[in-house]
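This is what each chain is made of:
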Amino acid sequence: MSTLVFLEHHGDELLKGSLGVLAKAATLGGGDVAGVVVGSGVRTLADGAGKFGAAKVYVADDAQLEAPLPQPRVDVIARLVRDTGIDTILFGNSVLTADVAAGLAARLDAGINWDLVDLVQEDGKLVGKRPALQDSVYVDVGWTSEPRIALFRSGSFDPNETGGSAEVEDVAVELEDFSSAARMVDQAHEESEGPSIEDAPVIVAGGRGLGGPENFTLVEELAKALGGAVGATRAVVDAGWYPYATQVGQTGKTVAPKLYIACGISGAIQHKVGMQSSGVIVAINKDTNAPIFEFSDLGVVGDVHEVVPKLTELVKQRKSS
Ligand SMILES: Cc1cc2nc3c(=O)[nH]c(=O)nc-3n(C[C@H](O)[C@H](O)[C@H](O)COP(=O)(O)OP(=O)(O)OC[C@H]3O[C@@H](n4cnc5c(N)ncnc54)[C@H](O)[C@@H]3O)c2cc1C
């Protein structure tokens, strides 16, 4: 098996999601694992990938690849796969990689499995694990031909460092005419403070139990004190209390922080599937029978308006002492 992992970057950092996929690929054994970095001024990023299990990192560094557009990336990876005979191409899911993987599948006439949360070797075959039926069961999925392509849900794997180093190889960049037909007109970054919800080690999430958008300051203050990010349920996002980018769950983001504090959240299955892999789950809810207590490590039965400010105060005191 020869595996290639697409290493997505933002600015001068490789994304945690793709490094997690790389680390997972390195544990599968049965062949060398390579990464590919595509962009402009990205050569220095390649060195860092060795620590996460890449034996080799291919680098396509060209000014034409500056904008995060999918088609030029499809050109680069398709050529690389054809030249090297790589049989497995893996992606951590994102807006960009969903397009790149789909374009690559069409270009290489390759089978693609998406929304996977795990990949294993069974009887010499690669088997993907894909949640189905509102994430209540896992379906085994496979490929009938090579190359095979897989996209993994964000947060599926930890980017564990194994300490190796990678050989870095430059690849030629030759783009198809049609790949330059699209150009990026503008790129805007959301203004936000603190860590992003995908990367935060701590998430404090708020639900309808907060009572109104103005009470989100309670979770924001606790998140700030803990150095974490703020999450939200769909109910409050739909009500316009908080931005969609913070929604956790089936139709939002899948997160796996070390600590997840749910404030005034009932624990509906659609929310649970987005945060159940968190290390420690703490729930604050005034209803003893709230479903969230069934999958929490610690539960506080109480009013968020009383409990959360006290908790924030205690965290601040502990930090200053
Ligand atoms: C197809 C589909 C996809 C969905 N996708 C998502 C998704 O991605 N993410 C998501 O979150 N939901 C999703 N939902 C919605 C989901 O089913 C729930 O409706 C939603 O998660 C409920 O949000 P909530 O917990 O904030 O509100 P509620 O269910 O209304 O719960 C509020 C909780 O707050 C408690 N409470 C009230 N007042 C207080 C107080 N003062 N102090 C403490 N506790 C208090 C209550 O006891 C209650 O448990 C989806 C639904 C569908 C059908």
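Cut-offs used in this document
- Residues numbered from 1 in each chain as written.
- Predicted model: local features only at pLDDT ≥ 70, side-chain atom pairs only at ≥ 80, totals over all residues.
- Heavy atoms only, no water.
- Salt bridge = Lys/Arg side-chain N within 4 Å of Asp/Glu carboxyl O.
- Helix = DSSP H or I, 4+ residues; strand = E, 2+ residues; numbered from the N terminus.
- Buried < 20%, exposed > 50% of the residue type's maximum accessible area, 1.4 Å probe, protein only.
- Axes fitted to C-alpha atoms, helices over the stretch in contact; angles between N-to-C directions.
- Parallel < 35°, antiparallel > 145°, perpendicular 65-115°, else oblique.
- Left-handed = near helix turned anticlockwise from the far one by under 90°.
- Contact = heavy atoms within 4.5 Å.
- Expected span 1.5 Å × (residues − 1).
- Pairing = 2+ DSSP bridges.
- Patch = residues over 30% accessible without salt bridge, like charges linked within 9 Å, V, L, I, M, F, W, Y side chains within 5 Å.
- Areas by Shrake-Rupley, 256 points an atom, 1.4 Å probe, with all protein chains shown as cover.
- Phe/Tyr/Trp six-rings, centres within 6.5 Å; stacked < 30°, edge-to-face > 60°.
- Lys NZ or Arg CZ within 6 Å of the ring centre and 35° of its normal.
- Domains from an automatic or database assignment.
- Polar contact = N/O pair within 3.5 Å; in protein donor to acceptor, adjacent residues only side chain to side chain.
- Nonpolar A, V, L, I, M, F, W, Y, C, P; charged D, E, K, R; others polar.

Engineer: I tried to follow the pattern of salt bridges on my own but got confused; where do I start?
Structural biologist: Side-chain pairing between opposite charges can occur once the charged atoms of the two side chains come close. According to the stated counting rule, one finds 12 salt bridges in the structure shown. With a closest N to O distance of 3.1 Å, R43 and D170 form a salt bridge. Taken as a pair, R43 in helix α2 (residues 43-48) and D170 in strand β12 (residues 167-170) lie far apart in primary sequence, 127 residues in all. Taking relative accessible area as the criterion, R43 reaches 39% and is therefore assigned partly exposed. Residue classification places D170 among the partly exposed positions, given a relative accessible area of 46%.

Engineer: Can you walk me through the packing of helix α5 (residues 216-226) against helix α8 (residues 304-320) in this structure?
Structural biologist: For any two helices packed against each other, the geometry is given by the interaxial angle and the distance between the axes. Axis separation between α5 and α8 bottoms out at 9 Å; the angle between their running directions is 20 degrees. Here α5 lies roughly parallel to α8, going by the angle between them. Relative to α8, α5 is oriented so that their crossing is left-handed. Contact residues: L218, E221, L222, K224, A225 and L226 in α5; V304, H305, V308, P309, L311, T312, V315, K316 and K319 in α8.

Engineer: Even after reading the chapter, I still don't get helix α1 (residues 16-28), so can you show me in this structure?
Structural biologist: Residues three or four positions apart in an α-helix share a direction because the helix packs 3.6 residues into each turn. Relative to the 18 Å expected for 13 residues at 1.5 Å per residue, α1 spans 19 Å between its end C-alpha atoms, a close match to the ideal helical length. Considered for burial, the residues of α1 that qualify are S18, L19, G20, V21, L22, A23, K24, A25 and L28.

Engineer: Looking at this model, I keep getting lost on the sheet that holds strand β13 (residues 202-206). Mind explaining?
Structural biologist: Taken in spatial order, the 5 strands make up an open sheet running β14-β13-β15-β16-β17, and their pairing is parallel. Both edges of this open sheet fall to β14 (229-232) and β17 (298-301), since each of them pairs with a single strand only. When strand polarity is set aside, the average angle formed by the axes of neighbouring strands in this sheet is 20 degrees. As paired strands, β13 and β14 are joined by 4 bridges and run parallel to one another. Along β14, the bridge assignment pairs A205 with G231. Most of the contacts of α8 go to strand β16 (residues 280-285), to which it runs at about 135 degrees, and overall it touches β15 (259-263), β16 and β17.

Engineer: Is there a simple way to think about a nonpolar patch on the surface in this case?
Structural biologist: Taken together, L133, V137 and V139 make up a surface patch of nonpolar side chains, about 250 Å² in accessible area. For L133, the location among the structural elements is in the loop between β9 (125-132) and β10 (137-141). Overall, L133 belongs to the exposed group, its relative accessible area being 64%.

Engineer: Can you walk me through the packing of aromatic side chains in this structure?
Structural biologist: Pairs of aromatic rings are described using the distance from one ring centre to the other and the angle between the two planes. For the coordinates displayed, the defined rule picks out 3 aromatic pairs. Relative to F157, the ring of F152 has its centre 5.2 Å away and its plane inclined at 65 degrees; by these criteria the two rings are edge-to-face. The same class applies to F152 and to F157, which are both buried. The lysine or arginine in question, R130, covers the ring of W114, its NZ or CZ lying 4.3 Å from the ring centre.

Engineer: Help me out: how do you make sense of the sheet that holds β10 in this one?
Structural biologist: Two orientations exist for strands paired in a sheet by backbone hydrogen bonds: parallel and antiparallel. The 3 strands lie next to each other as β8-β9-β10, forming an open sheet whose pairing is antiparallel. Every interior strand has two partners, whereas the edge strands, β8 (118-122) and β10, have only one. Taking each pair of neighbouring strands and ignoring which way they run, the sheet shows an average axis angle of 35 degrees. Of the pairings in the sheet, the one linking β8 to β9 comprises 5 bridges and is antiparallel in character. Each residue of the ladder has a partner; that of E122, found in β9, is K125. Strands β8 and β9 of the sheet are contacted by α1, whose axis makes an angle of about 10 degrees with β8.

Engineer: Explanation requested: the domain arrangement of the protein in the structure shown.
Structural biologist: Reports of interface size often rely on the accessible area that becomes lost once the parts have come together. Structurally, the protein comprises domain 1 (3-180) and domain 2 (202-320). Computed from C-alpha coordinates alone, the two centres of domain 1 and domain 2 are separated by 33 Å. On the side of domain 2, 6 residues touch domain 1, which itself brings 5 residues to the contact. Scanning the region where domain 1 abuts domain 2 turns up 0 salt bridges. Where domain 1 meets domain 2, there are 0 residue pairs in polar contact (both at pLDDT 80 or more). Residue composition of the side of domain 1 that touches domain 2, grouped by class: no nonpolar, 3 polar and 2 charged.

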